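If you want the building blocks of each chain, they are given just below.
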Amino acid sequence: MEQRTRVRRTAPAVAVAAAALLALTSCTSLGGVGGVMGEPGASGVRDPYFPRLGNGGYDVQHYTLTLDYAPRPGTVDRARGADRTRRADQGGPAGRLTGTAKITARATQDLSAFNLDLHGLDVSSATVGGAEAAVSRAGNELTLRPDSELSEGETFTAVVRYSGNPATLVDADESEEGWLTTVDGAVALGQPSGSMAWFPGNNHPSDKASYDITVTVPKGLKAVSNGELKSERTRNGRTTFAWHSGEPMASYLATVAIGAYETKTSRTPSGVPVHTAVDPTVAKSSAKVLATVPAVMEWATKAFGPYPFSSTGAIVERGNDSEYALETQTKPVFPGAPDQGLLVHELAHQWFGNSVTPKTWRDMWLNEGFATYAEWLWAEDFEHIPADASFRRAFALPGNWAFPPASPPTAGDISDEPVYGRGAMVIHKIREAVGDDAFFDIVRGWTATHRHGNASTDDFTAYVEQKSGRDLEGLWETWLYGKNKPRS
C-alpha cells in the first residue's frame, strides 16, 4: 500500500466498537437450542488492533460472489465522455448492489452458529447446507444459525443473498475505504476492514481463500477483479464479467473496479499474463510506466523468488477516485498514473503481504518494510542510488522514529512512517549483518516457506536467525523494537 502522500486509516472505531458489543450479546445467546451441543463461533479473532474483525469457528476455503451493480443514473453517459472531471460522490449515494455470496468453509469446532462480517447491506435470505438458516444482525456482525449442528472438521456451504447501496467507510482521519463511487462506476478497496461493505465474509487476513467473482454491469462499462477473466457476455443491455482467483487471498485484497476502462493483455518474458485496466483520462500518462510491468516482474522474481500468482497487472483510476494505492491481489489499484517507485512497491507486495500475509495487523511492517526496501533495491539496480543512500535518507527523517515498526501504539498507527521507512531499515540492517548472498537466500527462502500462508514477526525473526546461523537479538532490540533512535 502507498504511504508517501497520506497516513493510512483505521476501521471506523465507533461503529466497530458498537457492533462488537451487540454482536457478542447476539452470538452468545444462540447455543444449546434444539439439542445442539455445539457453541457459537467467536465474533472476532482478537486481533491486537481490530479484535472484532474476522470470526472464529470456521475456515473459509472459497468464495463465489455473484454481483449485479446498477450505478447511479447518468453513469453510463458520463462514462461515454461527459463530465469526467468532478468528484463522483458529490451527488448522492452509491448505485444499487445485488449480491449472492456462496461461502465454502470448514468448521474448526462444533458450531451452533457462526458470524460473517457485513456492513450496511440488507440480507434477504441465508442457507447453510441447503437448508434455511436463522439470521440476526448486530452492527457489522451477521449471525447465521444453521438448521442443524455443524461438526468439527465438516465442510459446509453457506449462501447469503443481499442488496442495497454499498457504503464508503469514512475513518477517523477522514480517509475512505469500502465501496468508492467514481464518475463512471466504482472501485472497492478493503484495507483493513472495507471488504465487508460489499460482501459478507471472514474479514481478517488470517483466513485466506480462493475466489470466483462475477459482476454484471450496464453495457458500455467494464468490471475488473482479481485473477483471470474467464468469460464476458452481453445480454439485454448488460454485460457479465467472470473472474477467477485460484490462489488463496485475504479478504482485504479482493477488489471490484467498474468503469469505462481501456484494457490490455500481454505477458512477461516468462509467460505470466499481464492484465491492465486504465481510466481513459490517465491512459496516456500511465502508458510508459505500465509498459515496465513485465520488466519489474522479471527483476522481482530473481530477487524474491518465483512469482506466487497466475497473473499480474494493474488498475489505474483517475487521481481523485481514491486517495492511495493498494496492493489488491494480482492487480494493484493506483490513483492516477503511478511513478516507477510506487509501481515497484505495489508489485513487490504480491510477494510480501499478498502471498506471505501477516497473521495479525501488528505484523504490517513485514508487508510495508519489504515493499519499501524493494524500492531501494530497484533504485540501486537501475537508478545508481545505493541502498545505503536510501537508508541514510530514511534514517534522517524524524517521522520514522515515532515508534518501533513492530509495535505501533494504536490501530491508527499501523500504516504510519515507521512501519514503512524504519521497517525498510530493519531489512537493510539484516542485509548488512549477513551479507548479500545470505540475505537474498533468506528473502527467497522466506517467500517460499510461507507461500500462500500467514506469518508473524516472531516467525520472521526466528527464520532469519535459523537460516543465517546468527544471533541477531541486538539487531531486533535496536531496530525492530527499540524506542530510541540509535546513533547510526
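Predicted model only: the values in this text are computed from it and were never measured.

How would you explain the sheet that holds strand E17 (residues 256-259) if you had to name every residue and give the values?
Strands sit in the order E10-E11-E12-E17-E14 across an open sheet of 5 strands; the sheet is antiparallel. The outermost strands of the open sheet, each flanked by one partner alone, are strand E10 (168-170) and strand E14 (222-225). Strand-to-strand twist across the sheet, computed as the mean angle between neighbouring axes with direction ignored, equals 25°.

Break down the environment of Ala433 for me, with residues and values.
Note on placement: Ala433 falls in helix H8 (residues 417-434). Residue classification places Ala433 among the partly exposed residues on the basis of a relative accessible area of 25%. A sequence separation of 42 residues divides Ala433 from Leu475, and the C-alpha atoms of the two residues are 8.8 Å apart. If we ignore the near neighbours within four places in the chain, the residues touching Ala433 are Arg470, Leu472 and Leu475.

Explain the nonpolar core to me, and be specific about the residues and the numbers.
In globular proteins that are soluble, nonpolar side chains generally tend to be buried together. In terms of nonpolar packing, the biggest core is built from 132 residues, with Phe114, Trp179, Trp198 and Phe304 touching the most fellow members. A per-element tally of this core places helix H6 (residues 364-382) first, with 9 residues.

Explain the environment of Ser210 to me, using residue names and the numbers behind them.
Of note, Ser210 is situated in strand E13 (residues 209-218). A C-alpha to C-alpha distance of 8.2 Å links Ser210 and His244, two positions 34 residues apart in sequence.

Give a description of the side chain of Arg422 that names residues and reports values.
Its location among the elements puts Arg422 in helix H8. Look at Arg422: it is buried, it has no salt bridge, and the nearest opposite charge is Glu477 at 11 Å. Here Phe403 takes part through its backbone oxygen, which lies 3.5 Å from a polar atom of the side chain of Arg422. A polar contact of 3.0 Å, which involves the side chain of Arg422, links it to the backbone oxygen of Trp479.

Let's hear about the sheet that holds strand E1 (residues 39-40): which residues, and what values?
Sheet strands associate in pairs through backbone hydrogen bonding, adopting either a parallel or an antiparallel arrangement. Ordered by their spatial adjacency, 4 strands build an open sheet running E1-E4-E8-E7, and the pairing between neighbours is mixed. The open sheet has two free edges, formed respectively by E1 and strand E7 (134-138), since each of these has just one partner strand. Summarising the sheet, E7 and strand E8 (residues 141-145) pair through 5 bridges and their orientation is antiparallel. For Val135, the partnering residue across the bridge sits in E8 and is Leu144.

How would you sum up helix H7 (residues 387-396)? Please name residues and give values.
Residues lying three or four places apart along an α-helix face the same way, a consequence of the helix completing one turn every 3.6 residues. What H7 keeps buried is the set Ala387, Ala389, Ser390, Phe391, Ala394 and Phe395. Residues of H7 that are buried make contact with H6, H8 and helix H11 (473-480).

So what's going on with H6? Residues and values would help.
Its 19 residues place the ends of H6 27 Å apart at the C-alpha level, agreeing with the 27 Å of an ideal helix rising 1.5 Å per residue. For H6, the buried fraction is high: 16 of the 19 residues fall into the buried class. Once H6 ends, the next one or two residues include His384, with phi positive near 60°.

Describe unusual backbone geometry, naming the residues involved and giving the relevant values.
With an omega dihedral of 0°, the bond running from Gln191 to Pro192 counts as a cis peptide bond. Relative to the assigned elements, Pro192 resides in the loop between strand E12 (185-189) and E13. Despite not being glycine, Arg46 shows a phi value in the positive range, around 60°. Mapped onto the elements, Arg46 comes out in the loop between E1 and strand E2 (58-70). The residue Asn236 is not glycine, and still its phi comes out positive at about 55°. One can find Asn236 in the loop between strand E15 (228-235) and strand E16 (238-249). Judged by its relative accessible area of 83%, Asn236 falls in the exposed class.

How would you summarise the packing of aromatic side chains if you had to cite specific residues and measurements?
Tallying each qualifying case throughout the model produces 32 aromatic pairs. Ring geometry for Phe199 versus Tyr211: centroids 6.1 Å apart, planes at 85°, classification edge-to-face. With Phe199 in the loop between E12 and E13 and Tyr211 in strand E13, this residue pair connects regions lying 12 residues apart in the sequence. Relative accessible area serves as the criterion here: at 2%, Phe199 is assigned to the buried category. Relative accessible area serves as the criterion here: at 1%, Tyr211 is assigned to the buried category. Seen from their ring centres, Trp299 and Phe304 are 5.8 Å apart, and the 75° between their planes marks the pair as edge-to-face. Across this residue pair, the class does not change: Trp299 and Phe304 are buried. Lys485 extends its terminal NZ or CZ atom over the ring of Phe395, reaching a point 4.6 Å from the ring centre.

Rules and cut-offs
- Residues numbered from 1 in each chain as written.
- Predicted model: local features only at pLDDT ≥ 70, side-chain atom pairs only at ≥ 80, totals over all residues.
- Heavy atoms only, no water.
- Pairing = 2+ DSSP bridges.
- Helix = DSSP H or I, 4+ residues; strand = E, 2+ residues; numbered from the N terminus.
- Axes fitted to C-alpha atoms, helices over the stretch in contact; angles between N-to-C directions.
- Buried < 20%, exposed > 50% of the residue type's maximum accessible area, 1.4 Å probe, protein only.
- Contact = heavy atoms within 4.5 Å.
- Core = buried A, V, L, I, M, F, W, Y, C linked by side-chain atoms within 4.5 Å.
- Lys, Arg positive; Asp, Glu negative; His and termini not counted.
- Salt bridge = Lys/Arg side-chain N within 4 Å of Asp/Glu carboxyl O.
- Polar contact = N/O pair within 3.5 Å; in protein donor to acceptor, adjacent residues only side chain to side chain.
- Expected span 1.5 Å × (residues − 1).
- Phe/Tyr/Trp six-rings, centres within 6.5 Å; stacked < 30°, edge-to-face > 60°.
- Lys NZ or Arg CZ within 6 Å of the ring centre and 35° of its normal.

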